[in-house]
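One letter stands for each residue in the lines below.
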Amino acid sequence: MKPFVSIVIPCYNSGKYISDLLTSIRYQGLSKGDIEVILVDDVSTEPYDDKVELFKSELIIRQYSNPEHYGNPAMGKELGASKATGEWIMFADHDDILFDNGLKHIKDALKEINEPQSLVYTKLTAIDINSGKAITTYEHNSSWTHGKLYNLDRFWKKYDIHYKPTLKTHDDIYISSLVNILVETHSINAVCMDTSLYAWRQNPESLSNSLGGNQAMWFENHYDDYITSTGGLYLDSYEDNIYNCDGEFLKSNALSIVAYAYFYMQGFMFANPLFLRKDNFKTSGEYVHRCKQIFKMSNNDIWMYFAKKPDSFERIRANAKNYTCDIIHKQSFMEFLNYVDNDFI
């Protein structure tokens, strides 16, 4: 009998935190056979097998290793997903934890639903890694893979989901953007549950923070990852009609990344100019130029698009503030469009 869920965990020098995560998995209220834990090591330099061994009597744990050190979690997740045998698959970072009995609540709730489901959305809670206190809760977020379960056969394999190996960061946002497109274009049964499953521990030692924390996208190459994972994927889908998707949906999401780029640029420019790289203006300019070509729009057309949707523009501003600081406007949206378009294209 196959496990209820496979939990894929990319690991690297995980000795400090892996015991916390495995302990939390042990307290999910399910039988040993219900959970398959898949650990994929990225060629660690500090061994931690002794900590993992302590849990093998209570958990089914399968261990794999990348053929070389990649320095990003995407390749470990890709390998782990290919090894999964559970009915469902989910992903966890090695320094995060699960709330007690979260998976049991999900399994019980799915039994009460008549139709087979392909996606499960749960609450994601950010907590302080030292105090354990909740910082904020995200209700059924669509931006990250944390706290989501994907049916392995009805969704992950059916739609041939794969991580993008070239991404150093934003691998979860890439998958979430792809999932959003698939949900929009196919009859996919998805359920949102009030269950608090995943605790996203805010950790200064995590990979994302070591690359600049929430400002990682503004370091060289990482902003390219952000554009590729979001707007680039929407533009590719629009241009190639890969998923037979509604054009207005793709256009709206692609143009929203132009507005995000504006707010991020404003926030970082005046929060700390050292975080701002000239190449990121060029990346924004290239992206704006591609939007204009594909949608046959001018800078004024893009400005008017958002002028007619002020609520959408303000929503993007509010979301952008979560990743920067209070946004100081020294440059209007139209000035930004002209600047990145004219100076770098």
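What you see is a predicted model, and the numbers here were worked out from it, not measured in a lab.

Criteria and thresholds
- Residues numbered from 1 in each chain as written.
- Predicted model: local features only at pLDDT ≥ 70, side-chain atom pairs only at ≥ 80, totals over all residues.
- Heavy atoms only, no water.
- Helix = DSSP H or I, 4+ residues; strand = E, 2+ residues; numbered from the N terminus.
- Contact = heavy atoms within 4.5 Å.
- Buried < 20%, exposed > 50% of the residue type's maximum accessible area, 1.4 Å probe, protein only.
- Core = buried A, V, L, I, M, F, W, Y, C linked by side-chain atoms within 4.5 Å.
- Salt bridge = Lys/Arg side-chain N within 4 Å of Asp/Glu carboxyl O.
- pLDDT = per-residue confidence, 0-100.

## Quick look at the environment of Gly-232
Turning to step 1, where the next piece is worked out: Along the chain, Gly-232 turns up in helix H8 (residues 222-240).
Turning to step 2, where the next piece is worked out: Through-space distance from the C-alpha of Gly-232 to that of Ala-254 is 7.5 Å; in sequence the pair is 22 residues apart.
Turning to step 3, where the next piece is worked out: Beyond its immediate sequence surroundings of up to four residues, Gly-232 is in contact with Ile-227, Tyr-287 and Arg-290.

## Structural notes on unusual backbone geometry
Turning to step 1, where the next piece is worked out: In the Ramachandran plot, Asp-160 falls in the positive-phi region, its phi being about 50 degrees despite a non-glycine side chain.
Turning to step 2, where the next piece is worked out: Mapped onto the fold, Asp-160 is located in the loop between helix H5 (152-157) and helix H6 (171-185).
Turning to step 3, where the next piece is worked out: Taking relative accessible area as the criterion, Asp-160 reaches 53% and is therefore assigned exposed.
Turning to step 4, where the next piece is worked out: Unlike most non-glycine residues, Lys-296 shows phi in positive territory, near 55 degrees.
Turning to step 5, where the next piece is worked out: Mapped onto the elements of the fold, Lys-296 is located in the loop between helix H10 (278-295) and helix H11 (299-307).
Turning to step 6, where the next piece is worked out: Looking at Lys-296, the relative accessible area reads 73%, which means it is exposed.

## Observations concerning the nonpolar core
Turning to step 1, where the next piece is worked out: One finds Ile-89, Tyr-150, Phe-155, Trp-156, Ile-302, Phe-306 and Phe-333 to be the most contacted residues of the largest nonpolar core, which totals 61 residues.
Turning to step 2, where the next piece is worked out: The dominant element in this core, judged by the number of residues it contributes, is helix H9 (residues 247-271), at 13 residues.
Turning to step 3, where the next piece is worked out: Phe-4, Ile-25, Leu-30 and Ile-106 belong to the second largest nonpolar core, which has 34 residues in total.

## Topic: the environment of Tyr-339
Turning to step 1, where the next piece is worked out: Mapped onto the elements of the fold, Tyr-339 is located in helix H13 (residues 333-344).
Turning to step 2, where the next piece is worked out: Residue Tyr-339 is classed as partly exposed on the basis of its relative accessible area of 32%.
Turning to step 3, where the next piece is worked out: In sequence terms Tyr-339 and Phe-281 are 58 residues apart; their C-alpha atoms lie 8.8 Å from each other.

## Details of the pattern of salt bridges
Turning to step 1, where the next piece is worked out: The tally for this structure, following the rule as stated, stands at twelve salt bridges.
Turning to step 2, where the next piece is worked out: Of the charged contacts, one joins Lys-107 and Asp-34 as a salt bridge, the two residues approaching to 3.0 Å between their closest N and O atoms. Of the two residues, Lys-107 is situated in helix H4 (residues 102-111) and Asp-34 in the loop between helix H1 (18-26) and strand E2 (35-41); the sequence distance between them amounts to 73 residues.
Turning to step 3, where the next piece is worked out: By relative accessible area, which is 18% here, Lys-107 ends up buried.
Turning to step 4, where the next piece is worked out: A relative accessible area of 11% places Asp-34 in the buried class.
Turning to step 5, where the next piece is worked out: The structure contains a network of salt bridges with shared partners spanning Asp-236, Glu-239 and Arg-290.

## Details of the confidence of the model for the protein
Turning to step 1, where the next piece is worked out: Averaged over all residues, the pLDDT of the protein is 87; the fraction at 70 or higher stands at 86%.
Turning to step 2, where the next piece is worked out: Contacts from residues 210-220, a stretch scored under 50 in pLDDT, to residues over four places away or in other chains number 35 contacts.

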